[in-house]
Amino acid sequence: MSADEPVKPAKTDGTDWIDKIWDFLTSLKLIVILLLILSALSIAGTVIEQNKPLQEYYRFYQPGTVALFSKLGLFDMYHSWWFVACLSLLALNITACAMDRYRGIMAGMRKRNLILDEPLSKSLQNLETIRYALPLDAVEKKMVELAGKGFSGKPVVTAAEDGGSHYFFEKGKYSRLSFFLTHLSILIIFLGALVGSFFGYKGYVNIFEGETVSQLGTRAGKIQYLNFQVKCNTFHAEFYPSGAPMDYRSDLSIIQNGKEVIRKTIRVNDPLTFEGVTFYQSSYGGLPDQITIDVVNRDGALKGTVTAPFGRKVDIPGVADKVEAADYQEHFHMPDGSEGGRAIGVNIYPAKGGPTGLWLLVDHPEYDKQRGGDYYLRVKDLKLKKYTGLQVNRDPGEILVWLGSILLIAGIMIAFFISHKKLWISLRTDKKGRSELTIGGTANKNRDAFSREMAQMIQSLKEVS
Amino acid sequence: MTNSLLFGIATFVYFFAMVLYVSYLAFRSEMLGKAASLSLLGGVVVETAAIGMRWYESYQMEIGRAPLTNLYESLTFFAWTIALIYLVLERKFKIRTVGAFVAPFPFLIMAYASLNPNDIQPLVPALKSNWLISHVVTCFVGYAAFAVSFGVSILYIFKARAEQFSVKSAGSFWGFLPSSSALDEIGYKTIAIGFPLLTIGIVTGAFWANVAWGTYWSWDPKETWSLIVWLIYAAYLHARITRGWRGKRAAILSIVGFAATIFCYLGVNLILSGLHSYGGAS
Ligand code: HEM
């Protein structure tokens, strides 16, 4: 992209098929086309909703279309072979371009022209000669001071044949490496994603308050064992008066070899990481733990009270029947369609005959009266066991993704805002005994700004007296 | 509340600025131009006060959060960044004539924002994050730079056509506009400013998603569209740097890029669904 660089060495024979493939892989057209194709494919992926259950698609598309799209991988296109192939081609393209440009970039960093000779001065756009009545060494001192301001550092000095000297200043040489920084960082990000998908897992686990787990189910449908145990001490959900969620938090302990090694309260946006495994607050819920039921006669007299642990049959006092709390719903639908609140599904096992199932509503205690037996059941108390739902991740590639992202940002910044500037100055005594200074410079990017900088420097050099 | 009143005044001032910029282009009077820039600046000042006030009022309501979290707030912030970044670039690149194509955005966006509910709601857990601010600010400053490039590119297309077909006299309307090559260069430079910012915005967004949901990239429509925008501008930059695309083709890519930006910002929320849909029926 810069004028002062040699073009890459000409190929000896362009007909060789390896050369042809290479030319294709390093062609600039391929970059632009690939970037646009990837955009177009990604657009398709946002228009066709991804990874929905198949029956959802039948609501929107003809069965034939569903079959075709499903075969083409359009419902999970970011993981389809052709999308991955495009990404691989991109990676290949970047690698090839980086190899292709390696020599040119290294050559650009080398100091080649240390002196401002005839051919070089012809190629420079900001060239100026200034003459002074001052002695050479006075001019030199001022000049090094002035030029040093813009080009921090000392110049390379070369003695000229006619007794004068040549000075070469440069700045931002390493900005030429920005090409590698931007492009290789994209490869690092890809690598991080690959490492994550091969060596990491994403899973999910529910832990009841007070309970401990040491394994979880992964999204790939496997059981993952942990080297430690996770205990949920407590879970809390808080809500705003409007009912919108305010805070979800779980007090977790990590237990290893029987000892608690970490205790932390996690929230959304504040997960816990231990040995590379991260626990994220993701959901929550509750199941009934035990239920206390009043047994009431038709006439309203209390027959007795029974406490039933969830899922266990217990005797109903004063009756020959047994009761078992077997089901729980947070939002019960009444037969008339209205919301019934919390409901417990119980089975009644009479001494003779099969069991009957019925619902007891926690918030409408007299609901069971309408059933019309010789007694009815009334919920007196319900103890819920809360659980916290945690997303669990292990992603050894993540660090590469962040490293790549930081390098990418750094590379882009350097690529756009730092250029490699070179400045040549020569000093000699001319035929009339005056000090003669010739100055010229070049930059590989943002030449307008550099021209302005040069003009300023030339102006201040002219003012030296 | 005070903040709504101030936002209302800012909308009105932006309207005024838009009219002045268009008149400046039509009548070519330096006075009008200065008045246009000043009133846009006035709009920014009033809106800055409005945003500050809203922030302060959220603390008074004991909610206490940056005003960047629902559709109304993000629209008003978007209008504010466009006006501010445009003023900075107008000064830097001396492109006041572009104002007629950029100044309508703050007004139209504010007018659209006023159709949305503007009460200060407390934050749901997922939005309680410091990454939110860095993510939103970098994305929007990037978008604003793209908006300026869009205005410049439209002007470029008019100007290039005029240069091709008509005799240019310095006093004419077309002579009044910057030269097409200057517009071309500025269109590129503004993208060179927006692109790194968008990159930072995407990375901070990924980082935040990773902290909140445990995945840095889940191909949800908003993420995918921000990637699309990024790819389009990356294609623009490569076409320009490596293939020497300039002029009309570059200008068209810049316009396409901004259309994708607007879709990424609004279209995704209004038309597609995903993690990011604020406001709406979520
Ligand atoms: C598809 C893969 C890519 C390939 C093969 C590729 C290739 C190239 C090539 C050949 C150049 C020319 C540099 C020069 O002439 O000095 C270049 C420049 C550049 N590319 Fe890419 N590129 C790719 C993707 C990207 C992406 C996704 C970005 C996004 C950040 C990017 C950012 C840049 C930048 C900032 C430059 C200018 C570098 C400089 O000024 O030194 N590239 N790219």
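Predicted model, so just to flag it, every value in this text is computed and none were measured.

Enquirer: Please clarify how the sheet that holds strand β3 (residues 165-171) of chain A should be interpreted in this entry.
Expert: Hydrogen bonds along the backbone pair up the strands of a sheet, which may run parallel or antiparallel. All names here are of chain A. Sheet architecture is open: five strands sit in the order β1-β18-β17-β3-β2, paired in antiparallel fashion. The sheet is open, and its two borders are formed by β1 (126-132) and β2 (156-159), each paired with just one other strand. When the angles between neighbouring strand axes are averaged without regard to direction, this sheet yields 15°. Two strands pair when backbone bridges link them, and β3 and strand β17 (residues 421-429) are joined in this way by seven bridges, in the antiparallel orientation. Residue pairing for β17: tyrosine 167 is matched across the bridge by isoleucine 425.

Enquirer: Would you mind showing me how to read the pattern of salt bridges here?
Expert: Working definition: two side chains of opposite charge can pair if their charged atoms are close together. Residues and elements named next belong to chain A. Here the structure, examined in full by the defined rule, presents 23 salt bridges over all chains. A salt bridge links glutamate 128 to lysine 462; the nearest nitrogen and oxygen atoms lie 2.9 Å apart. Of this pair, glutamate 128 sits in strand β1 while lysine 462 sits in helix α10 (residues 447-462), and the two are 334 residues apart along the sequence. Of the residues examined, glutamate 128 reaches a relative accessible area of 27% and is grouped as partly exposed. The exposure class assigned to lysine 462 is partly exposed, which follows from its relative accessible area of 41%. Close ionic contact of aspartate 251 with arginine 263 constitutes a salt bridge, the shortest N to O distance being 2.5 Å. Residue aspartate 251 is located in strand β7 (residues 245-256), and its partner arginine 263 is located in strand β8 (residues 259-267); the two are separated by 12 residues in the primary sequence.

Enquirer: Would you take a moment to explain the pairing of strand β4 (residues 201-208) of chain A for this structure?
Expert: Looking along a regular strand, one sees the side chains alternate between the two faces of the sheet. Residues and elements named next belong to chain A. Taken together, the eight bridges between β4 and strand β16 (residues 375-394) define a ladder with antiparallel strand orientation. Residue pairing for β16: tyrosine 204 is matched across the bridge by glutamine 391. Here two bridges tie β4 to strand β5 (residues 212-218), and the two strands are oriented antiparallel to one another. Opposite tyrosine 204, over in β5, you have glycine 217 as the bridge partner.

Enquirer: Before we go on, may I ask you to explain the side chain of B:Thr97 in this structure?
Expert: All names here are of chain B. Take threonine 97: it is sitting in the loop between α3 (71-93) and α4 (99-102). Exposure remark for threonine 97: the relative accessible area of 5% places this residue in the buried category. When sequence neighbours within four positions are dropped, the list of residues in contact with threonine 97 reads Tyr24, Leu25, Leu155, Phe176, Leu177 and Pro178.

Enquirer: Any chance you could explain the side chain of A:Asp395 here in plain terms?
Expert: Along the chain, the position of A:Asp395 falls in the loop between β16 and α9 (398-417). Look at A:Asp395: it is buried, it has no salt bridge, and the nearest opposite charge is A:Lys202 at 5.0 Å. For A:Asp395, the side chain forms a polar contact with the main-chain nitrogen of A:Gly397, separated by 2.9 Å. Residues within four places of A:Asp395 in sequence aside, it is in contact with A:Gly196, A:Gly276 and B:Tyr216.

Enquirer: Teacher, can you tell me more about the confidence of the model for chain B here?
Expert: A low pLDDT means the predicted coordinates there should not be read in detail. All names here are of chain B. On average, residues of chain B score 85 in pLDDT, and 93% of them are at 70 or above. Predicted confidence is poor over residues 274-282, with pLDDT under 50, and the contacts of this stretch with residues over four places away or in other chains come to 18 contacts. Overall fold confidence for the complex sits at a pTM of 0.82, while the interface term, ipTM, reaches 0.88.

Enquirer: Quick question: what am I supposed to make of the packing of helix α8 (residues 178-199) of chain A against α9(A) here?
Expert: All names here are of chain A. Contact geometry for α8 and α9: axes closest at 7 Å, N-to-C directions at 160°. In terms of orientation, α8 lies roughly antiparallel with respect to α9. Considering the relative orientation of α8 and α9, their crossing is left-handed. Contacts between α8 and α9 involve Ser178, Leu181, Thr182, Ser185, Ile186, Ile188, Ile189, Leu191, Gly192, Ala193 and Val195 from the first element and Leu400, Val401, Gly404, Ser405, Leu407, Leu408, Ala410, Gly411, Ile412, Ile414 and Ala415 from the second. A class-by-class count of the residues in the contact of α8 with α9 yields 15 nonpolar, seven polar and no charged.

Enquirer: Teacher, can you tell me more about the interface of chain A and chain B here?
Expert: Accessible area lost upon the coming together of the parts serves often as the stated size of an interface. Across the contact, 44 residues belong to chain A and 46 residues belong to chain B. Contact with chain B buries surface across chain A, with A:Asn269, A:Trp402 and A:Phe416 losing the most and accounting together for 18% of the total. Seen at the junction of chain A and chain B, the total is zero salt bridges. In this assembly, chain A and chain B are joined by six residue pairs in polar contact (both at pLDDT 80 or more). Elements with a minimum of two residues in the side of chain A that touches chain B: α2 (28-47), α8, β7, β16 and α9 of chain A. Top contributing element to the side of chain A that touches chain B by residue count: α2(A), with 11 residues. Residues belonging to the side of chain A that touches chain B are distributed by class as follows: 26 nonpolar, 10 polar and eight charged.

Enquirer: Sorry, what's going on with a nonpolar patch on the surface here?
Expert: A cluster of nonpolar side chains, namely A:Trp17, A:Ile18 and A:Ile21, defines an oily patch on the protein surface of about 350 Å² accessible area. By secondary structure assignment, the location of A:Trp17 is in helix α1 (residues 17-25).

Enquirer: For this particular structure, what's the right way to read the state of the cysteines?
Expert: Cysteine pairs can be linked by a disulfide, which is a covalent bond between their two sulfur atoms. As enumerated under the stated definition, the model contains zero disulfides over all chains in all. Considering cysteine sulfurs only, A:Cys86 is the nearest to A:Cys97, which forms no disulfide, with 16 Å between them. Its sulfur unpaired, B:Cys139 is 7.7 Å from the next cysteine sulfur, which belongs to B:Cys264. Overall, B:Cys139 belongs to the buried group, its relative accessible area being 9%.

Enquirer: Just to check I follow, could you spell out the site of the ligand for this structure?
Expert: Around the ligand sit 20 residues, and of these A:Leu90, A:Ile94, A:Arg101, A:His183 and B:His238 come closest. Chain contributions to the surroundings of the ligand come from chains A and B. A:His183 has a polar side-chain atom sitting 2.7 Å from a nitrogen atom of the ligand. A distance of 2.5 Å separates a nitrogen atom of the ligand from a polar side-chain atom of B:His238. Among the secondary structure elements, those contributing two or more residues to the shell around the ligand are α2, α5 (81-109), α8 and α9 of chain A together with α9 (221-243) of chain B. Among the elements that make up the shell around the ligand, the one with the highest residue count is α5(A) (five residues).

Enquirer: Looking at this structure, I do not really get the packing of aromatic side chains. What am I missing?
Expert: One pass over the full model with this rule turns up 36 aromatic pairs over all chains. Note on A:Phe416 and B:Phe195: the rings are 6.3 Å apart at their centroids and 80° apart in plane angle, and the pair reads as edge-to-face. Linking A:Phe416 in helix α9 with B:Phe195 in helix α8 (residues 180-213), this pair reaches from one chain into another. Positioned above the aromatic ring of A:Tyr349, the side-chain terminus of A:Lys313 is 4.3 Å from the ring centre. For A:Lys385, the ring lying beneath its charged end belongs to A:Phe208, and the centroid distance is 4.7 Å.

Enquirer: I tried to follow the coordination of the iron atom of the ligand on my own but got confused; where do I start?
Expert: For a metal with four donors in a tetrahedral arrangement, the ideal angle between donors is 109.5 degrees, while six donors in an octahedron ideally sit at 90 or 180 degrees. The coordination sphere of the iron atom of the ligand contains the protein donors A:His183 (NE2) and B:His238 (NE2), at a distance range of 1.8 Å. Bound by six donor atoms, the iron atom of the ligand shows angles of 85 to 179° at the metal and therefore octahedral coordination geometry. Residue A:His183 is located in helix α8, and its partner B:His238 is located in helix α9; the two belong to separate chains. Its relative accessible area of 16% is what places A:His183 among the buried residues.

What counts, and at which threshold
- Residues numbered from 1 in each chain as written.
- Chains lettered and ligands numbered in written order.
- Predicted model: local features only at pLDDT ≥ 70, side-chain atom pairs only at ≥ 80, totals over all residues.
- Heavy atoms only, no water.
- Pairing = 2+ DSSP bridges.
- Helix = DSSP H or I, 4+ residues; strand = E, 2+ residues; numbered from the N terminus.
- Axes fitted to C-alpha atoms, helices over the stretch in contact; angles between N-to-C directions.
- Salt bridge = Lys/Arg side-chain N within 4 Å of Asp/Glu carboxyl O.
- Buried < 20%, exposed > 50% of the residue type's maximum accessible area, 1.4 Å probe, protein only.
- Contact = heavy atoms within 4.5 Å.
- Lys, Arg positive; Asp, Glu negative; His and termini not counted.
- Polar contact = N/O pair within 3.5 Å; in protein donor to acceptor, adjacent residues only side chain to side chain.
- pLDDT = per-residue confidence, 0-100.
- Parallel < 35°, antiparallel > 145°, perpendicular 65-115°, else oblique.
- Left-handed = near helix turned anticlockwise from the far one by under 90°.
- Nonpolar A, V, L, I, M, F, W, Y, C, P; charged D, E, K, R; others polar.
- Buried area = accessible area lost by both parts, 1.4 Å probe.
- Patch = residues over 30% accessible without salt bridge, like charges linked within 9 Å, V, L, I, M, F, W, Y side chains within 5 Å.
- Areas by Shrake-Rupley, 256 points an atom, 1.4 Å probe, with all protein chains shown as cover.
- Disulfide = S-S within 2.5 Å.
- Near = heavy atom within 4 Å.
- Phe/Tyr/Trp six-rings, centres within 6.5 Å; stacked < 30°, edge-to-face > 60°.
- Lys NZ or Arg CZ within 6 Å of the ring centre and 35° of its normal.
- Donors = N, O, S within 2.8 Å, 3.2 Å for Na, K, Ca; no water.
- Tetrahedral: all angles 85-135°; square planar, octahedral: opposite > 155°, others 65-115°.

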